[in-house]
Amino acid sequence: MKKIRIFLATCLCVIVFSSCQKKQYCASCYESISGYQATDYCNTSESVDVYIDELYSTASQDWYCTKTAE
């Protein structure tokens, strides 16, 4: 019975830990005037949003970005 409790406690810890991990997001961006494909940028959701906003605010460039969760 003690082994079953230890096994169940271990499983519970693994489930709780895995659900607490932060999700990673990636931005895939393409500059349509030059045809340049930027290297994917991956980080937290907020950081990826800032990255995309910075690209969109770049003068004389026309960026198209998609954001995906990993």
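As a reminder, the structure under discussion sits directly above these lines.
Residues numbered from 1 in each chain as written. Predicted model: local features only at pLDDT ≥ 70, side-chain atom pairs only at ≥ 80, totals over all residues. Heavy atoms only, no water.

**Student:** Provide a residue-level description of the nonpolar core, including the pertinent values.
**Tutor:** Membership of the largest hydrophobic core is limited to nine residues, which are Ala27, Cys29, Ala38, Val48, Tyr51, Ile52, Leu55, Trp63 and Cys65. Looking at this core, the elements that each hand over two or more residues are β1 (25-31), α2 (45-56) and β3 (63-69). With four residues, the top contributor of residues to this core is α2. (Core = buried A, V, L, I, M, F, W, Y, C linked by side-chain atoms within 4.5 Å. Buried < 20%, exposed > 50% of the residue type's maximum accessible area, 1.4 Å probe, protein only. Helix = DSSP H or I, 4+ residues; strand = E, 2+ residues; numbered from the N terminus.)

**Student:** Tell me about the state of the cysteines, residues and numbers included.
**Tutor:** Counted by the stated rule, this structure contains two disulfides. Between the sulfur atoms of Cys26 and its disulfide mate Cys42 the distance is 1.9 Å. Looking down the S-S bond of the Cys26 and Cys42 bridge, the torsion is 110°, so its handedness is right-handed. Separated by 16 residues along the polypeptide, Cys26 in strand β1 and Cys42 in strand β2 (residues 41-43) bring together distant segments of the chain. (Disulfide = S-S within 2.5 Å.)

**Student:** Report on the packing of aromatic side chains, specifying residues and quantitative values.
**Tutor:** This model, assessed by the stated rule, comprises two aromatic pairs. Summarising the aromatic geometry, the rings of Tyr36 and Trp63 are spaced 6.3 Å apart at their centres and angled 85° between planes, so their arrangement reads as edge-to-face. A residue pair is termed long-range when its members are at least 10 positions apart, and Tyr36 in the loop between β1 and β2 and Trp63 in strand β3 qualify at 27 residues. Here the aromatic rings of Tyr41 and Tyr51 are separated by 4.6 Å at their centres, their planes lie at 20°, and the arrangement is stacked. In this pair, Tyr41 is assigned in strand β2 and Tyr51 in helix α2, connecting sequence segments ten residues apart. What makes Tyr41 partly exposed here is its relative accessible area of 26%. (Phe/Tyr/Trp six-rings, centres within 6.5 Å; stacked < 30°, edge-to-face > 60°.)

**Student:** Could you give me a rundown of the pairing of β1, with the residues and numbers involved?
**Tutor:** Pairing analysis gives three bridges linking β1 to β2, with the strands arranged antiparallel. Residue pairing in the sheet places Cys26 in a bridge with Cys42 of β2. Sheet topology places β1 next to β3; seven bridges connect them, and they run antiparallel. Considered in β3, the bridge of Tyr25 is made with Ala69. (Pairing = 2+ DSSP bridges.)

**Student:** Can you break down the pattern of salt bridges residue by residue, with the values?
**Tutor:** Here the structure, examined in full by the defined rule, presents one salt bridge. Here Lys67 ties to Asp49 by a salt bridge, and the two come within 2.7 Å at their closest N and O atoms. Note that Lys67 is positioned in strand β3 and Asp49 in helix α2, a separation of 18 residues in sequence. With relative accessibility at 33%, the residue Asp49 sits in the partly exposed group. (Salt bridge = Lys/Arg side-chain N within 4 Å of Asp/Glu carboxyl O.)

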